[in-house]
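Structure assessment
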Amino acid sequence: MKKYKGIVFFDYDGTTVDDTDNIRKATKKTIESLRRLKENGYLTMLCSGRSKRFLEADIDKFEGAITCNGSYTEVGGQVVSDIHISEEAMQKVISGYFSEDTALHMETQDVTYYMHYNQPFYHDFREFLGFPERWFAPWETRKGENITKIVINYNREELMDEIQTEFEGELQCVKPFEDMNILDIMSRGITKGNAIINLMDRYEIGKKDCYAFGDSDNDIEMLEAVGTGIVMGRHSKAAGKAADMLTGTVREEGITTALESIGLI
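Below: a short report on this structure. A quick note: this is a predicted structure, and the numbers were derived from the prediction, not measured.

Across its full length, the chain carries 8 helices and 14 strands. For the chain, the spread of C-alpha atoms along the three principal axes comes to 50 × 35 × 35 Å. Every one of the 265 residues in the chain was classed for burial, and the buried ones make up 57%. In the chain, of all internal contacts separated by at least 6 residues, the share reaching a separation of at least 24 is 60%. When the accessible area of the chain is evaluated, it comes to approximately 11900 Å², of which 45% is carbon and sulfur surface. Across the chain, the 31 positively charged side chains and the 46 negatively charged ones have centroids separated by 7 Å.

Put into structure tokens, the structure is as follows:
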């Protein structure tokens, strides 16, 4: 197994890219910084709530990826961990929480399945993140693949608590975007932080030699799991409290600025 000096983890939305400033791919400076990190002996890991398919534009810039909020991990093309939602729990979510005005997406690492094509949420979701239609397929075409994450939009604030109460010990929810009524549902115990800790143990790298960049509530466990958690210029209040250091926005090349300040590149 390859030896590394340390590991640096990068959230994607709001950290590596930024929809607010219409930056849909990693900047040239970020890509150069990743190259320099690798040369200096650091493992570079993309760490996102997205599945692999939704990271297609930049996943090849990193040596590995943690996806679906920690459900799936791979390094150098080799799968380290792949935790999916049980078929029974998934069917209970569909039967209990899907309606004509509530959309559900079921994600594998390659395809996202939707329940109803004509739902506004389906189209708004794709447009908001700039996803091509070919990455999606109707649920009835599914061929038994494991579902890593369920995405649900909602119009009742109490929905998150309802799901976590009903599926206590089996499923958990996280809100990936502070200003959108979307929930990510994964198997219980899945967090970016737990996936990071498992990877640190695998490579026998101490917490002090690990760093993470994030901006949202689903980055809190990630920022707390490493020795130095770095929050971007635009961030949620909770992520800001969990971080050790503040840097600039994506447009301000916050990643490169912080890495140079710390002395990693």
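Here the focus is helix H1 (residues 28–39). Look at H1: 17 Å from first C-alpha to last across 12 residues, which is about the 16 Å you get at 1.5 Å a residue. Within H1, the full set of buried residues consists of Thr30, Ser33, Leu34 and Leu37. Along H1, the residues classed as buried sweep out an arc of 100° about the axis, all on the same side. Exposed residues lying more than 90 degrees from the buried face of H1 are Lys28 and Glu39. In the stretch just after H1, glycine 41 is the one whose phi turns positive, near 95°.

With that out of the way, let us pick up the packing of H1 against helix H8 (residues 254–262). Where H1 contacts H8, the two axes come as close as 8 Å, and the packing angle between them is 35°. Classified by chirality, the crossing of H8 by H1 is left-handed. Judged by residue contacts, Lys29, Thr30, Ser33, Arg36 and Leu37 of H1 engage Ile255, Thr256, Leu259 and Glu260 from H8. Looking at side-chain class alone, the contact of H1 with H8 contains 3 nonpolar, 3 polar and 3 charged residues.

Below, the discussion takes up the sheet that holds strand S9 (residues 149–153). Taken in spatial order, the 6 strands make up an open sheet running S8-S7-S6-S9-S11-S10, and their pairing is mixed. Across the chains shown, the open sheet's two edge strands, defined by having one partner strand only, are strand S8 (136–138) and strand S10 (171–174). On average, adjacent strands in this sheet sit at an angle of 25° to one another, irrespective of strand direction. Pairing of S9 with strand S11 (residues 182–187) involves 4 bridges; the strand directions are antiparallel. The partner of isoleucine 152 across the bridge, within S11, is leucine 183. Contacting S9, S10 and S11, helix H4 (residues 159–166) crosses the sheet at an angle of about 160° to S10.

The set of residues buried in helix H3 (residues 120–129) consists of Phe121, Tyr122, Phe125, Arg126 and Leu129. Buried positions in H3, seen along its axis, are confined to an arc of 130° and lie on one side of it. Of the exposed residues in H3, those oriented more than 90 degrees away from the buried face are Pro120 and Glu127. At its buried positions, H3 is contacted by strand S6 (104–107), strand S7 (112–114), S8, S9 and S11. Glycine 130 lies just past H3 and shows a positive phi near 70°.

This paragraph deals with the packing of aromatic side chains. Going through the model one piece at a time under the given rule, you end up with 9 aromatic pairs. Pairing phenylalanine 10 with phenylalanine 213 gives two aromatic rings, centres 5.2 Å apart and planes at 5°, and the pair type is stacked. Linking phenylalanine 10 in strand S1 (residues 6–10) with phenylalanine 213 in strand S12 (residues 210–214), this pair joins segments that are 203 residues apart in sequence. Here phenylalanine 10 matches phenylalanine 213 in class, with each residue buried. When the ring of phenylalanine 54 is compared with that of phenylalanine 131, the centres are 4.0 Å apart and the planes differ by 25°; the resulting orientation is stacked. A residue pair is termed long-range when its members are at least 10 positions apart, and phenylalanine 54 in the loop between strand S2 (42–47) and strand S3 (64–67) and phenylalanine 131 in the loop between H3 and S8 qualify at 77 residues. Residue phenylalanine 131 is classed as buried on the basis of its relative accessible area, which comes to 5%. Taken together, the aromatic side chains of Phe54, Phe131, Trp135 and Phe136 make up a single cluster linked through ring pairs.

About the cut-offs
- Residues numbered from 1 in each chain as written.
- Predicted model: local features only at pLDDT ≥ 70, side-chain atom pairs only at ≥ 80, totals over all residues.
- Heavy atoms only, no water.
- Helix = DSSP H or I, 4+ residues; strand = E, 2+ residues; numbered from the N terminus.
- Buried < 20%, exposed > 50% of the residue type's maximum accessible area, 1.4 Å probe, protein only.
- Contact = heavy atoms within 4.5 Å.
- Areas by Shrake-Rupley, 256 points an atom, 1.4 Å probe, with all protein chains shown as cover.
- Lys, Arg positive; Asp, Glu negative; His and termini not counted.
- Charge placed at Lys NZ, Arg CZ, Asp CG, Glu CD.
- Expected span 1.5 Å × (residues − 1).
- Arc of directions from axis to C-beta.
- Axes fitted to C-alpha atoms, helices over the stretch in contact; angles between N-to-C directions.
- Left-handed = near helix turned anticlockwise from the far one by under 90°.
- Nonpolar A, V, L, I, M, F, W, Y, C, P; charged D, E, K, R; others polar.
- Pairing = 2+ DSSP bridges.
- Phe/Tyr/Trp six-rings, centres within 6.5 Å; stacked < 30°, edge-to-face > 60°.

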